[in-house]
Amino acid sequence: MATEEVRVAVRDLTKKFGTQTVLSGVSLDVRAGETVVIMGGSGCGKTTLLRLMIGSHDATSGTISLLGQDISQLDGDGFDALKKQFGILFQSGALFQSMSIAENVALPLQEHTDLAPEVIEMIVKMKLELVGLRPHAHKLPSQISGGMMKRAGLARAMAMDPKILFYDEPSAGLDPVTSAEIDQLILELTKNFGVTSVVVTHEMDSAFTIADRMVMLDGGRVLKIGARDEFDRIRKLSASEANLLSEDEQIVYQFLRGAADGPITRRRSADDYREDLLGMDASGNPIEGAGSTHGRM
Ligand SMILES: Nc1ncnc2c1ncn2[C@@H]1O[C@H](COP(=O)(O)OP(=O)(O)OP(=O)(O)O)[C@@H](O)[C@H]1O
Ligand SMILES: [Mg+2]
């Protein structure tokens, strides 16, 4: 169960890559024991937000605290110590191809602890059992399926008994059943080990299965943040009821329903057209290079 203790605190976070503002003024809290799902269209900044949270990008402005520590204030040793307390599951599973599944799971324990090899071996067996891969421990990543790779990645992310787990698209590229299995695994880890999870996904079924709370990003800002039930309520509205929602919530509605028509698509075509024709963005500001032969791709 979630408690009031905040494990991840993001405050007024902005991230620019060159002149492109990818995140602007993002604030959110993730409390102990809860699973927060971050959703949003492709390119809206989900992975960037996750990378900032785990310290692999620096913020342009704003702060991120993990387990009560502002990560920008930590030196190398301080961050290494903090890093031991969180696990990451990347999209690909990011396993080392030349190492067996067991060796992959053992790696963080060998790197970050002084445990004896027999103890590490035992922990690895336990983690692989947790994700149902113990019989496949000796195989190389190339010898297992995509779903098994995700589970192996999860076993490795769990190796150090992290307090927080970060996932980027855990069910991307998996068939619906395997994807549902990964969701169950995430739920079990949360329930049985009190892990706090931050999950980036645009798979709606998965999001509604695992989330306690949801965050919807759009164009680098938070459109809506709230309990799963609140998002579910919006999802289930009729089209005429949805017309009464705020502008932001209408975007949420279209996204949750995966509808072809709505503010997202209308905005996209209006933007493209205006940009192409006049070299202006939606607010009427000129766009460099747009409306000319060397406009954007
Ligand atoms: N290292 C980088 N350097 C420059 N631009 C970047 C970098 N990483 C991301 N971007 C830009 O930031 C924007 C958001 O990218 P991000 O990967 O966060 O999107 P996303 O929401 O995860 O999308 P998807 O659902 O497709 O994974 C994109 O326009 C992308 O080109
Ligand atoms: Mg991404």
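Residues numbered from 1 in each chain as written. Chains lettered and ligands numbered in written order. Predicted model: local features only at pLDDT ≥ 70, side-chain atom pairs only at ≥ 80, totals over all residues. Heavy atoms only, no water.

Asker: Break down the site of ligand 1 for me, citing the residues and quoting the values.
Answerer: The environment of ligand 1 is made up of F17, Q20, V22, G41, S42, G43, C44, G45, K46, T47, T48 and H202. Taking S42, its side chain carries an N or O atom lying 2.5 Å from an oxygen atom of ligand 1. In this structure, an oxygen atom belonging to ligand 1 sits 2.8 Å away from a side-chain N or O atom of T47. When ligand 1 sits alone it has 640 Å² of accessible area, and the protein chains cover 61% of it. Those elements that provide at least two residues to the shell around ligand 1 are β2 (20-31) and α1 (46-53). Considering each element in turn, the shell around ligand 1 owes the most residues, three residues, to α1. (Near = heavy atom within 4 Å. Polar contact = N/O pair within 3.5 Å; in protein donor to acceptor, adjacent residues only side chain to side chain. Areas by Shrake-Rupley, 256 points an atom, 1.4 Å probe, with all protein chains shown as cover. Helix = DSSP H or I, 4+ residues; strand = E, 2+ residues; numbered from the N terminus.)

Asker: Lay out the sheet that holds strand β4 (residues 61-66) with the relevant residues and their values.
Answerer: Strand pairs in the sheet, formed through backbone hydrogen bonds, run parallel or antiparallel to each other. The sheet built from four strands is open, its strands ordered β2-β1-β4-β5 with antiparallel pairing. Both outer strands of the open sheet, β2 and β5 (69-70), are each paired with one neighbouring strand and no more. Sheet analysis places β4 next to β5, joined by two bridges and oriented antiparallel. Residue pairing across strands places S65 opposite D70, the latter belonging to β5. (Pairing = 2+ DSSP bridges.)

Asker: How would you summarise the pairing of strand β7 (residues 164-168) if you had to cite specific residues and measurements?
Answerer: Within β7, five of the five residues are buried, which leaves it mostly tucked inside the rest of the structure. Pairing of strand β6 (residues 86-89) with β7, which is carried by four bridges, proceeds in the parallel orientation. Within β7, the position partnered with F86 by the bridge is I164. Bridge count between β7 and strand β8 (residues 196-200): five bridges; the pairing is parallel. The residue bridging Y167 from the neighbouring strand is V199, located in β8. (Buried < 20%, exposed > 50% of the residue type's maximum accessible area, 1.4 Å probe, protein only.)

Asker: Account for the packing of aromatic side chains, with residues named and values stated.
Answerer: By convention here, two paired aromatic rings are described through the distance between centres and the angle between planes. Applying the stated criterion across every chain yields a total of two aromatic pairs. Taken together, a centroid distance of 5.6 Å and an interplanar angle of 90° make the contact between F86 and F166 edge-to-face. Placement of the pair is F86 in strand β6 and F166 in strand β7, with a sequence separation of 80 residues. The pair formed by F86 and F166 is uniform in burial state, with each residue classed as buried. Ring pairing ties together the aromatic residues F79, F86 and F166, which thus form one cluster. One residue, R235, lies across the ring of F208, its end atom 3.7 Å from the ring centre. (Phe/Tyr/Trp six-rings, centres within 6.5 Å; stacked < 30°, edge-to-face > 60°. Lys NZ or Arg CZ within 6 Å of the ring centre and 35° of its normal.)

Asker: With reference to specific residues and values, describe the pattern of salt bridges.
Answerer: Under the counting rule described, the total for this entry stands at 13 salt bridges. The shortest N-O distance in the salt bridge between D229 and R228 comes to 3.9 Å. Judged by its relative accessible area of 30%, R228 is partly exposed. Each of K224, E230, R233 and E249 takes part in salt bridges that share partners, so that together they form one network. (Salt bridge = Lys/Arg side-chain N within 4 Å of Asp/Glu carboxyl O.)

Asker: Would you mind going over the environment of A102 in detail, with residue names and values included?
Answerer: When you line up the elements, A102 lands in helix α3 (residues 101-112). Sequence separation of A102 and A155 is 53 residues, and the distance between their C-alpha atoms is 9.4 Å. Excluding residues within four positions of it along the chain, A102 makes contact with V124, L128 and A137. (Contact = heavy atoms within 4.5 Å.)

Asker: Mind laying out helix α10 (residues 247-257), listing which residues take part and the relevant values?
Answerer: Taking burial as the measure, the eleven residues of α10 include eight buried ones, the bulk of the element. One or two steps after α10, the chain reaches G258, where phi turns positive at roughly 60°.

Asker: How would you sum up the pairing of strand β1 (residues 6-17)? Please name residues and give values.
Answerer: Taken together, the eight bridges between β1 and β2 define a ladder with antiparallel strand orientation. By the bridge assignment, V6 is partnered in β2 with R31. Hairpin connection from β1 to β2: two residues lie between these consecutive antiparallel strands, with G18 at a positive phi of about 60°. Relative to β4, β1 runs antiparallel, the two being bridged by five bridges.

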